[in-house]
Amino acid sequence: MEAVVFIFSLLDCCALIFLSVYFIITLSDLECDYINARSCCSKLNKWVIPEMIGHSIVTVLMLVSLHWFIFLLNLPVVTWNIYRFIMVPSGNMGVFDPTEIHNRGQLKSHMKEAMIKLGFHLLCFFMYLYSMILALIND
Amino acid sequence: MQAPPGPGYGLHGQDYAAPSGPYSPGPGKAGPEGQGRCGGYYSGPRPGPAGLGLAGVQRGYVGGIAAFGNYHGSPAAAPQGFPATCSPQLAPTSCRSSLPAGSPHASVLAAATGWSAPLTPVPLPPPPGYSASPWSVQAPDRLLRNHAGPSASAGSSPANPVADSLAYPGRQNAPPPRSSPVMSTVLPGAPSPRAPPAGKHPREPVALGVPLPGLPPQKGMQYGDCVNNQASSAPTPLSSASDDEEEEEDEEAGVDSSSTTSSASPVPNSYDALEGGGYPDVHSSSASSPAPDHAPEPDPAPAAPLSAKVMAKPFGHGYPTLQPGYQTTAAPPSAGTFAQYPQHPGVNQLSSALGGLSLQSSPQPESLRPINLTQERDVLPATPVWAPVPNLNLDLRKLNCSPDSFRCTLTSIPQTQALLNKAKLPLGLLLHPFRDLTQLPVITSNTIVRCRSCRTYINPFVSFIDQRRWKCNLCYRVNDVPEEFMYNPLTRSYGEPHKRPEVQNSTVEFIASSDYMLRPPQPAVYLFVLDVSHNAMEAGYLAVLCQSLLENLDKLPGDSRTRIGFMTFDSTIHFYNLQEGFSQPQMLIVSDIDDVFLPTPDGLLVNLYESRELIKVLLNALPNMFTSTRETHSALGPALQAAFKLMSPTGGRVSVFQTQLPSLGAGLLQSREDPNQRSSTKVVQHLGPATDFYKKLALDCSGQQTAVDLFLLSSQYSDLSSLACMSRYSAGCIYYYPSFHCTHNPSQMEKLQKDLKRYLTRKIGFEAVMRIRCTKGLSMHTFHGNFFVRSTDLLSLANINPDAGFAVQLSIEESLTDTSLVCFQTALLYTSSKGERRIRVHTLCLPVVSSLAEVHAGADVQAAICLLANMAVDRSISSSLSDARDALVNAVVDSLSAYGSTVSNLRHSGLMAPASLKLFPLYVLALLKQKAFRTGTSTRLDDRVYAMCQIKSQPLVHLMRMIHPNLHRIDRLTDEGAIHVNDRVVPQPPLQKLSAEKLTREGAFLMDCGSVFYIWIGKDCDSNFIEDVLGFPNFASIPQKMTHLPELDTLASERTRSFLTWLQDSRPLSPVLHVVKDESPAKMEFFQHLVEDRTEAAFSYYEFLLHVQQQISK
């Protein structure tokens, strides 16, 4: 059972890693002017909710399967994701807003955030991998 | 003809996007502004051939690119690129009329109707001469792009037969300069070293323009000439000396200009003097030009011999360099120039300007003089505050861009970000790029010379390394001077690239070639979307609008292709088919507002000239068509969607008139204002938009080159913060008339009439993009204004109007230690209403300084305040109003404490400020009491949001008057210090500080708030004044509502009216006058502008100073 939990987490984590890489690529495309703000933001906004759900599922799964350490590790990141989503002003077109992304260094902070998430997910990936192998051996 | 392959454009976008990336110089890569970007914009990251260009391409411009390639060669091929949705007669017409823009001629048009002699005859140092540079004749590859055939002759001497024969009349009138024998004799040879000027800094010792010898400069003369690289096509207009507005008269001006060519002179230093804004009557003392700008041209007689001496050097040699003693020798004449004009006493600026010249010798310039603000009672000078003059040497200063168009908050740029942080002053630019100009050199040239790596346009501040190479002043790349550029059409001489008008003027306009087009230039298209619900009929704006439109129908900017359309809406949407041939307009009603469609494919936007009669019929009928309507709902959202559908094939301008909260369909809004919270001191909510519908719509519109202008005429809350989005992101403009009613509120109606007149007739640019570039090391991070930031430095402006201002925040990324000058350049690429593609380029040059004192000395307090106001608006929307207010106070506290720490010896003796910043606390206090940021005083949410919109989009001059109005006492006007404008004597009463202590019961005062004038009449006002100026026997008989001064035949009346007219002429939107009697209820409106006084909720000026001082000492 434990192995199944971690195999699922591992897959989910892979998806999140890919998503982070996609965010980084799209944002750097915008930085280099390969795409314009409008299409960049509409691309990214599409994936904000899937990312949030994907990450929440793992976190809840860890809580349910009583892996306290991993749960607590994930909690702040999930909270940040949800907070960011809720705090979008009503007039904005999503977490990424084409009219503001070039203002006040928002692009840089989005980029930084995506980088940090990528690192975090990579860390999680290896943790899940280790736990999965451990669980398989124990079985 | 080489039709550039589709992918080339997409590829190009990438090249262009990365300025440091490799630049491939092949044909088709000329890099128009944002061209590649547009491709990416609509079609994803890697545009394929089909996805090129504007979305119009996708809709109907398929094959448009191919058509561009053929554009010149075979106009017949062009129509295939036109949208199928266009009315059939449009396609050929638009193609034809857009030809001149890219016509294969290289002519320099110089709009110089008023070129005059230089201000000061400055002796030129001996020219250094150059190292013998290779005079290799390279085939300029960019010339080949569109003119593969004829450009075979491009390498030959520009003085080809065509050019000569056309320019011939000029020779008859005046001898061409190169034939003058005087010149090579007076100052023979160039003794200086052969080395080029030190290439370390981009300071280009550009030669001062001087009049040609023996030819007295004449005011009102025009010049223009041509370089013609094409052997063919002689009869087309080669040159024109045109005023900005008169682009049409190419033919006529071509002849005219050649006769005047040699007599006018490319005098750069008189350029500023002439460039007083779009209102010729006005001397720019009302605008914010620095004092030196106002010097009229000196007597031509002495100027001519002097200039002969100056010009006396061999052509083709010599870039005058600055000699050590140059600055000091140059100073005395300029001092003399200043002193001649006592009506511009700007003493601080004058002395700071002069002090700046010799900063080393005098340790403390005037702008650094410490002032104890708590002890100095009158900080406000008696004359309007001028922009500080950058501390540059004299010839660079003369070449620099007018502060009316381009201003920086720090006229001395700190070397490092650390130094900037230490100064605690905001760094940014204030732009007014499309300002009405009376003088503007217009240049037509095959090759627009630009830096090959950063795409900067050549400007007065580049340095010529030798005759064939120039060094970019923004990225320091060394570029080749194209062959065409070697010929100077103004002097008709060869080998003087540094004398070209591009290098002599920091504000120029280029006629762009087809390289700068993604599609044929669009026609002027105007669509009016009018609210006709019951509420709108009650307000009665429709009659005013229709009347104004009828009056100005002929003055709408445009050419023969101009199109116009009308839509009205209540709970349904009404279209009007005005197709030529109908006997009367046909009204089509679409009631399905959930899925809007266009009832007929054509006939909704019609040619103004072909359907003129029908349009007039409609405009006469409209005000009475809906008088009995009972429909109270307003489906604004669906109407806008329909307007977008209607406009998207062409782009253009949509003018929306709305009178209430939209209540039906997409984009409906709820009332969010709580009237009890209007005077809350704590939280002001709902400053941001309620829905993203209008923002999305605006971005869609912006993508289709459509701007939405909003006229909100409402008596109740209409959620302007949401509605304003439609204009803010589509580069439109916003007008708001609170409690508008055609009979109950005549002053608002008058204002609407005046605004409409200006709105309908002012210049307009379509499908514009603006790019701001700055010297390597500086970077822009936040933009303010109405536009969409398409990429890091590219602003997408569907429309540009002359009343739009912009602001940019800057940061210093890399240390600027290895340069002594930095430059900023804005390039605005737009389609004029005549269907020409034009680029207006402004370049500003500023010195770099390394000490905190110099940074303080160069601070421009007005620019800083305007930038802070913009930042505060952002802050109040993204965070909260109280945060924004705190930030404003902190800005003063921080900058003054930063200054205080530099003058530590004077510490604790009071609140010290350098003279350059002495108005800073006053202006910040004024800002805190402005409608946008005030708390505690009852302010309607829409009023507040409108004030914020104005802060974001107004140019500096207007914004400054809005923040800090000018108060004058007008009951004792004298001719002392008066100025003469058009044979009229305009008295110049001194400025009074905005405090009730200055108001005396015996006086009458005029307050100039930008868009409103108040005349306050004291209770015991001199009865002579009341009788002579107002035309009433005594104070009691003055009516409560009075909006005009009668034309009385008395000296006092004449003086007052002349002063008032002079003020009114200085601004685009004619202000409304209110005569306010003391004791009348309207006086509260007047008194709320007295910012130095204490109110229940806000500090007085003195209290504010004490508060700041307390904060500093904490």
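Conventions adopted
Residues numbered from 1 in each chain as written. Chains lettered and ligands numbered in written order. Predicted model: local features only at pLDDT ≥ 70, side-chain atom pairs only at ≥ 80, totals over all residues. Heavy atoms only, no water. Helix = DSSP H or I, 4+ residues; strand = E, 2+ residues; numbered from the N terminus. Buried < 20%, exposed > 50% of the residue type's maximum accessible area, 1.4 Å probe, protein only. Contact = heavy atoms within 4.5 Å. Areas by Shrake-Rupley, 256 points an atom, 1.4 Å probe, with all protein chains shown as cover. Buried area = accessible area lost by both parts, 1.4 Å probe. Salt bridge = Lys/Arg side-chain N within 4 Å of Asp/Glu carboxyl O. Nonpolar A, V, L, I, M, F, W, Y, C, P; charged D, E, K, R; others polar. UniProt positions renumbered as here; feature names shortened; annotations may be inferred. Core = buried A, V, L, I, M, F, W, Y, C linked by side-chain atoms within 4.5 Å. Domains from an automatic or database assignment. Polar contact = N/O pair within 3.5 Å; in protein donor to acceptor, adjacent residues only side chain to side chain. Pairing = 2+ DSSP bridges. Axes fitted to C-alpha atoms, helices over the stretch in contact; angles between N-to-C directions. Patch = residues over 30% accessible without salt bridge, like charges linked within 9 Å, V, L, I, M, F, W, Y side chains within 5 Å.

Caption draft 1: Representation of the overall build of chain A. The helix and strand tally for chain A stands at four helices and zero strands. Judged by the C-alpha coordinates and their principal axes, chain A covers about 55 × 30 × 20 Å. Counting over 139 residues, chain A shows a buried share of 52%. Sequence-distant contacts, at least 24 apart, represent 76% of the contacts inside chain A between residues at least 6 apart. When the accessible surface of chain A is split by element, carbon and sulfur atoms take 78% of a total near 6900 Å².

Caption draft 2: Structural view of the interface of chain B and chain A. Taken together, the contact pairs 29 residues of chain B with 21 residues of chain A. The junction of chain B with chain A conceals about 2100 Å² of combined surface from both sides, 51% of it contributed by carbon and sulfur atoms. Seen at the junction of chain B and chain A, the total is two salt bridges. The salt bridge involving Asp 700 of chain B is made with Arg 38 of chain A; its shortest N-O contact spans 2.9 Å. Listing elements by their share of the side of chain B that touches chain A, those giving two or more residues are helix H1 (6-17), helix H2 (35-43), helix H21 (693-703), strand E23 (778-784), strand E24 (788-791) and helix H26 (861-878) of chain B. The residue makeup of the side of chain B that touches chain A, split by class, is eleven nonpolar, nine polar and nine charged.

Caption draft 3: Expanded view of the UniProt feature "domain: Zinc finger Sec23/Sec24-type" (unreviewed entry) in chain B. As recorded in UniProt, the sites labelled "domain: Zinc finger Sec23/Sec24-type" (unreviewed entry) are residues 448-484 of chain B. The span residues 448-484 of chain B shows a helical share of 0% and a strand share of 27%, and its end C-alpha atoms are spaced 10 Å apart.

Caption draft 4: Local environment of the nonpolar core. Of all hydrophobic cores here, the largest spans 193 residues; its most connected members are Met 567, Phe 824 and Phe 933 of chain B. Ranked by the residues each element gives to this core, the list is headed by helix H1 (residues 2-31) of chain A, at ten residues. With residues near it in sequence (within four places) discarded, Phe 824 of chain B still touches Phe 406, Ile 413, Leu 429, Arg 773, Cys 774, Leu 778, Leu 810, His 842, Thr 843, Leu 844 and Leu 846 of chain B. Ala 536, Val 544, Leu 618 and Phe 711 of chain B belong to the second largest nonpolar core, which has 41 residues in total.

Caption draft 5: Representation of the UniProt feature "transmembrane region" (unreviewed entry) in chain A within the structure. Residues and elements named next belong to chain A. When the UniProt feature table is mapped to this numbering, "transmembrane region" (unreviewed entry) covers residues 6-27, 48-71 and 118-137. A helix fraction of 88% and a strand fraction of 0% characterise residues 48-71, whose end C-alpha atoms lie 21 Å from each other. The span residues 118-137 carries 100% helix and 0% strand; its end-to-end C-alpha distance comes to 29 Å.

Caption draft 6: Representation of the environment of Tyr 541 of chain B in the model. Residue and element names in this part refer to chain B. Along the chain, Tyr 541 turns up in helix H18 (residues 541-552). Taking the C-alpha atoms as reference points, Tyr 541 and Lys 696, separated by 155 residues in sequence, lie 28 Å from one another. Look past the residues within four positions of Tyr 541 in its chain and what remains in contact with it is Leu 530, Asp 531, Ala 536, Phe 657, Thr 659, Leu 713, Phe 740 and Leu 752.

Caption draft 7: Up close: the domain arrangement of chain B. All names here are of chain B. Its domain assignment divides chain B into domain 1 (182-204 + 525-668 + 702-762) and domain 2 (965-1087). A C-alpha centroid distance of 35 Å is found between domain 1 and domain 2. Both faces combined, the contact of domain 1 with domain 2 buries some 770 Å², and carbon together with sulfur accounts for 59% of it. Scanning the region where domain 1 abuts domain 2 turns up zero salt bridges. Joining domain 1 to domain 2, the criterion identifies one residue pair in polar contact (both at pLDDT 80 or more).

Caption draft 8: Here's a closer look at the sheet that holds E23 of chain B. Residue and element names in this part refer to chain B. In spatial order, the strands read E4-E6-E26-E23; together these four strands make up an open sheet with antiparallel pairing. The open sheet has two edge strands with one neighbour each: strand E4 (406-408) and E23. Taking each pair of neighbouring strands and ignoring which way they run, the sheet shows an average axis angle of 25°.

Caption draft 9: A nonpolar patch on the surface, seen in detail. Residue and element names in this part refer to chain A. Judged by side-chain polarity, Phe 8, Ile 49, Ile 53, Ile 57, Trp 80, Ile 82, Tyr 83, Phe 85, Ile 86 and Met 87 come together as a nonpolar surface patch covering roughly 930 Å² of accessible area. Looking at the nonpolar patch element by element, the count peaks at five residues for helix H3 (residues 68-86). Along the chain, Ile 49 turns up in helix H2 (residues 37-64). Note on Ile 49: relative accessible area 38%, which makes it partly exposed.

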